Amino acid sequence: MLDFDEELAKFQPSMDIEQVEEVVYNNNLTDITDIVKELIQDVNGTL
């Protein structure tokens, strides 16, 4: 049987994940919300 406390004590986060997290937080990435806002602005501007 697994001892979850023991397994958690051995846990070490991956360096790759920490590096990816830093890159994602430091970049201004376009998401679906930005795309929808832009589409709505385009439609409102042409009506």
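Scroll up a little and you will see the structure.
Overview of the structure. (Residues numbered from 1 in each chain as written. Predicted model: local features only at pLDDT ≥ 70, side-chain atom pairs only at ≥ 80, totals over all residues. Heavy atoms only, no water.)

### Details of the overall build of the chain
- When helices and strands are tallied, the chain shows three helices and zero strands.
- N-terminal to C-terminal, the α/β element order of the chain is α-α-α.
- Along the first, second and third principal axes, the C-alpha set of the chain runs to 65 × 25 × 10 Å.
- With the model as given, the accessible surface of the chain reaches about 5000 Å², and the carbon-plus-sulfur share is 57%. (Helix = DSSP H or I, 4+ residues; strand = E, 2+ residues; numbered from the N terminus. Areas by Shrake-Rupley, 256 points an atom, 1.4 Å probe, with all protein chains shown as cover.)

### Observations concerning helix H2 (residues 15-26)
- Helix length check: H2 (12 residues) gives 17 Å between terminal C-alpha atoms against 16 Å at 1.5 Å per residue, within 8%.
- For H2, the tally of buried residues reaches only zero of 12 residues, placing the bulk of the element at the surface. (Expected span 1.5 Å × (residues − 1). Buried < 20%, exposed > 50% of the residue type's maximum accessible area, 1.4 Å probe, protein only.)

### Quick notes on the pattern of salt bridges
- One pass over the full model with this rule turns up one salt bridge.
- A salt bridge links Lys10 to Glu7; the nearest nitrogen and oxygen atoms lie 3.4 Å apart. You can see Lys10 and its partner Glu7 sitting in helix H1 (residues 4-10), three residues apart, about one turn around the helix.
- The class of Glu7 is partly exposed, set by a relative accessible area of 36%. (Salt bridge = Lys/Arg side-chain N within 4 Å of Asp/Glu carboxyl O.)

That's the geometry; what it means functionally is another story.
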